[in-house]
Amino acid sequence: MKRWVQLVAVATVASASALAGPQDNSLVVGTNSEPVVLAGDFLNVLSNSVIKGEIEGYLTAPLLVINAEAQPQPVLVTEVPSLNNGRLRSTEVGGGKRRLEMDFTLKSGLRWSDGDPLDTDDLAFFAEVAKAKGMPLPNADLWDRLNIRVRDKLNFTAVLEPAYYYDATASFADNFLAPSHKMRAEWDRTKALAAPLELPKDAERLSELYRSFFQRFSTPQAINSGQLAYSGAFRATRWVSGNSIDMARNPNFTAITPEGGADKYVQRVIYRIITNTNSLLVALLGGGIDATSNQGLTSDQARSRQLTSRAAGRFEIWSIPSTAFEKITLNKYTDFARVKELGLDDKRTRQAMLFAINREAWVRSFFAGSEPVASAWIPATHPLYNPDVTQYPYNPQRATELLAAMGWRRGADGILERTVGGKTVRFEIEFSTTAGNAVRERTQQFFNEQWRQVGISVRVTNAPASVLLAGNFYQRGEEGKWQMLMFGLFSSLQEDGSLFQYRNLNSNTVLVPSKENNFSGLNFGGWRNDEFDRVTSQAVTEFDPVKRKELFARAQQIWSDEVPSLPLRFRATPLVVRSGLNNYVASTFSGQVGVPGWNAWEIGWASRGAVKRYDQARIGGIPIR
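Since the model is a prediction, treat every value here as computed from it, not as a measurement.

Caption draft 1: Spotlight on the packing of helix α6 (residues 180-194) against helix α7 (residues 203-218). Running from N to C, α6 and α7 point in directions that differ by 170°, and their axes come no closer than 10 Å. Between α6 and α7, the angle falls in the class roughly antiparallel. On α7, the residues that touch Lys182, Met183, Glu186, Trp187, Thr190, Leu193 and Ala194 of α6 are Leu206, Leu209, Tyr210, Phe213, Arg216 and Phe217. Residue composition of the contact of α6 with α7, grouped by class: nine nonpolar, one polar and three charged.

Caption draft 2: Representation of the layout of surface pockets in the model. In this structure, the largest pocket occupies an estimated 700 Å³ of space. Val510, Val512, Glu516, Asn517 and Ser520 are the residues nearest the centre of the largest pocket, which is lined by 31 residues in total. Counting only elements with at least two residues in the lining of the largest pocket, the list comes to α5 (141-145) and β20 (509-510). For the lining of the largest pocket, the class distribution of residues is 12 nonpolar, nine polar and 10 charged.

Caption draft 3: The arrangement of the pairing of strand β14 (residues 416-420) in detail. Here two bridges tie strand β13 (residues 409-410) to β14, and the two strands are oriented antiparallel to one another. In the strand pairing of β14, Arg409 is matched with Glu417. With antiparallel pairing between neighbouring strands as the criterion, β13 and β14 make up a hairpin whose turn holds five residues, including Gly414 at a positive phi of roughly 90°. With four bridges connecting them, β14 and strand β15 (residues 423-426) associate as antiparallel partners.

Caption draft 4: Main features of the side chain of Asn331. Mapping Asn331 onto the fold places it in the loop between β12 (315-330) and α12 (337-342). At a separation of 2.9 Å, a polar atom in the side chain of Asn331 contacts the main-chain amide nitrogen of Tyr333. From its side chain, Asn331 meets the backbone oxygen of Trp482 in a polar contact 2.9 Å long. Discounting residues that sit within four places of it in the chain, Asn331 has contacts with Phe336, Val339, Leu344, Gly477, Trp482, Gln483 and Gly525.

Caption draft 5: Quick look at the sheet that holds β15. Across the sheet, three strands lie side by side as β13-β14-β15; this open sheet has antiparallel pairing. Strand pairing shows two members of the sheet lacking a second neighbour, β13 and β15, which therefore form its edges.

Caption draft 6: Spatial organisation of the pattern of salt bridges. Going through the model one piece at a time under the given rule, you end up with 43 salt bridges. In this structure, Arg618 and Glu69 form a salt bridge, with 3.2 Å as the shortest nitrogen-oxygen distance. You can see Arg618 sitting in the loop between β23 (604-605) and β24 (622-623) and its partner Glu69 sitting in the loop between β2 (64-66) and β3 (72-74), a full 549 residues away along the chain. Take Glu69: its relative accessible area is 36%, and that puts it in the partly exposed class. Between Arg571 and Glu326 there is a salt bridge, with the nearest N and O atoms lying 2.7 Å from each other. Taken together, the positions of Arg571 in strand β21 (residues 565-578) and Glu326 in strand β12 put the pair 245 residues apart, joining distant regions of the chain. For the pair Arg571 and Glu326, a shared accessibility class is recorded, and that class is buried. One salt-bridge network, in which partners are shared between bridges, spans Arg89, Arg99, Glu101, Asp103, Arg149, Arg151 and Glu161.

Caption draft 7: Summary view of the sheet that holds strand β7 (residues 155-160). Read from one edge to the other, the open sheet built from four strands follows the order β4-β5-β7-β6, with strand pairing classed as antiparallel. Either end of the sheet is taken by a strand with one partner, and the two such strands are β4 (88-94) and β6 (146-150). Within the sheet, the average angular offset between the axes of one strand and its neighbour, ignoring direction, is 20°. Judged from the five bridges that link them, β6 and β7 form a sheet pairing that is antiparallel. The partner of Ile148 across the bridge, within β7, is Ala158.

Caption draft 8: Looking closely at the pairing of β21. In terms of residue burial, β21 counts as a mostly covered element, since 14 of its 14 residues are buried. Of the strand pairs in this sheet, β12 and β21 are connected by 12 bridges, and their pairing is antiparallel. Bridging from a neighbouring strand, Phe325 pairs with Phe570 of β21.

Caption draft 9: Region of interest: the packing of helix α14 (residues 359-367) against helix α16 (residues 438-453). Two numbers describe how α14 lies on α16: the axes approach to 12 Å, and their chain directions differ by 140°. Crossing hand, α14 versus α16: right-handed. Residues Arg359, Ala361, Trp362, Phe366 and Phe367 of α14 form the contact with α16, whose own contacting residues are Val439, Arg442, Thr443, Phe446 and Phe447.

Definitions and cut-offs
Residues numbered from 1 in each chain as written. Predicted model: local features only at pLDDT ≥ 70, side-chain atom pairs only at ≥ 80, totals over all residues. Heavy atoms only, no water. Axes fitted to C-alpha atoms, helices over the stretch in contact; angles between N-to-C directions. Helix = DSSP H or I, 4+ residues; strand = E, 2+ residues; numbered from the N terminus. Parallel < 35°, antiparallel > 145°, perpendicular 65-115°, else oblique. Contact = heavy atoms within 4.5 Å. Nonpolar A, V, L, I, M, F, W, Y, C, P; charged D, E, K, R; others polar. 1 Å grid on protein atoms, 1.4 Å probe; cavity = no way out; pocket = protein on both sides within 12 Å on 5 of 7 lines; lining within 4 Å. Points joined across faces, edges and corners; volume = space filled by probe spheres on them. Pairing = 2+ DSSP bridges. Polar contact = N/O pair within 3.5 Å; in protein donor to acceptor, adjacent residues only side chain to side chain. Salt bridge = Lys/Arg side-chain N within 4 Å of Asp/Glu carboxyl O. Buried < 20%, exposed > 50% of the residue type's maximum accessible area, 1.4 Å probe, protein only. Left-handed = near helix turned anticlockwise from the far one by under 90°.

Listed below in C-alpha cells is the structure:
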C-alpha cells in the first residue's frame, strides 16, 4: 500500500506541473539517470555518461553538430571545412598516412551566457587543459594527434597527424571551448601544483589535482552558485540532486536563431530524475513529463497499454534504431586476484558464460523480438558492420564442456569448484548494474538463473548510475572495485575500436585504465589483443572505404572469438514525445550517439509558434502503436 501511495503521489504532483509546458513555454524531460557532474567537467575526466552528454547538449554548443541526417552542421563556426571551400588540406606524410589541416572561423559576436566574449582564447584554454601531462582523458588519442594554431580571435587551424578517415566530418562535432574567464585562475593554480610532478611516479597525485579542478566547477553546488558560464542555448539555473536539473534560455546564444525568433521556442528545460523506470512511467502518464530522455523508459514500458491505448493521442511514441551496445564486461586485470581464481582472463570462461545464457529467448520475452541480439560491438545500422562473426547460440552443454576443460567441477551444492594456487575456489562472481533500471535488474534475474544451472553462482551488487558510471568506479577495475558490469556503450560515426584497444599504435596511447596512465581510457575491462590493436590502428588511417571495411571486419572477427565483453543486444531507444512538441527528435547518429536535444535551440511547442522542421518517421523513427 505504501508503494502505491508513493506512485500516486508522484503522478499527482507531476500532473499539477504538467500543464505548464505549453503555457509557460517550458519542457519537462524525464530521465532514469542522473549525471555525476555537468559542464565544468568539459573533458569528461570525472564522468563520461550518456545522460551527462545529453544534458550538456543544452548547455554547451559544439563547433559542429551531427544532425538528424548524420551530417556535420556548423553551430559555432561559419562552415564545415571541405576541399571545395578551401578550408581542408590533405598531405601525404609517408607510410600510407596523411596530415589534415582544417581552417575554422568562429561566428562573430559570440558570447558566453554571462555576456563575456566567446573566442579562440577559450579554444586555446580548452586545448591547453586537454594536453596537460597525465590528464586522465577517456580517450587521449585525439589530443595526441591534434594541434591547434590560433590565428586571431575568430580564426584557427586544426592540424591532425596522422589523420583518421573520420576527422574531416566528425572529429570536431563536439564541444571544444571552455570559459577561460571563469576557469583560468583555478587552472593556473592547478598547473603550478602539477609542474614538479612526474609520470608515472606521481600519477595518482596528478589525477587528484585534475579531478579537484573539474570538480570545483561541475558539482550541483558549483552549478547552483554560478561558478560557470555556458556557450549553449540554455544555462543551468538549479540542480537538486536526485530530483531535477533546471535550465533557462541563454539570451546570449546567437550562433543559431530558429525560424520566427527564439522567443517562439522553449524557454525553460527541466530534467526530472526518476531512477525507477516504473515510477517514470507513472509520472509520464500523470502529465508531469513532456518527453523522455535517451535514458528514459524501457522498451516494454514504451509499448505498454497505458501509453499506446489508454493515453492514445497524448503522445507520439517512437523506437529509434540505436548504436547503444548493451553488454556485460568481465574484469580481466590479472593483478586482481579474483580474475585469476575465476579465470576471467581466459576467453574460454567468457565463451562459456555466453553459451550458458539464452539471449534469443531474452529479447523475445523482454523486447518482443524488436531489439537484435548482438554478436560484436558494431551494430547493423553502422556502415562498418560485419555479420560474419563467431556466434554463441544457447548451448549450456558447450558451456559445461569449456568450464570442465578449465578444471571446474560441481561441488556438493552444485556450484563449480576448482583448485587454484593450492586452495579450493568456488565460481562465485559479483554482478553489478545500474540500480532502478527495471530491464537490467530483471535481466540479471533471467541470466543468473541460467548461469546457476551450469554451476555459476552470482551475487548482485547494484549501485546508482551516478556511482557505477563515475570514472573513479568503472575505470578502477585494476583496483578490484568490480568483477562484472552491465551497462551500455555507444558506437559513433568515428568508430575506431578504442573501446577495446589496449594500445593505439598511431599515437602509442594506452587505452586500458590503470595507475600507469592515470586511469585514462575506455577499455575498462583490461582486455589486450595485439592483432586487434594492429588492425584497428591501421583501419582508422585507411581512407579507401573498401579496405577500411575489410580491416574492421577482421577486428570484429577477433573480438567475437575473444569476447572481451559478453554481447547482449543493440538497444532501440524508446522516445515518448507529447503531441504538439516540435523538433524533439533523434536518429541513430544525431548528436553523435542518437540523443535528443542535439538541436536544443529549435525545440518548441506548435501552439507557441515553433516551426516544425523534422519528421521523425523520415529520419528513422519507427512508430510504436
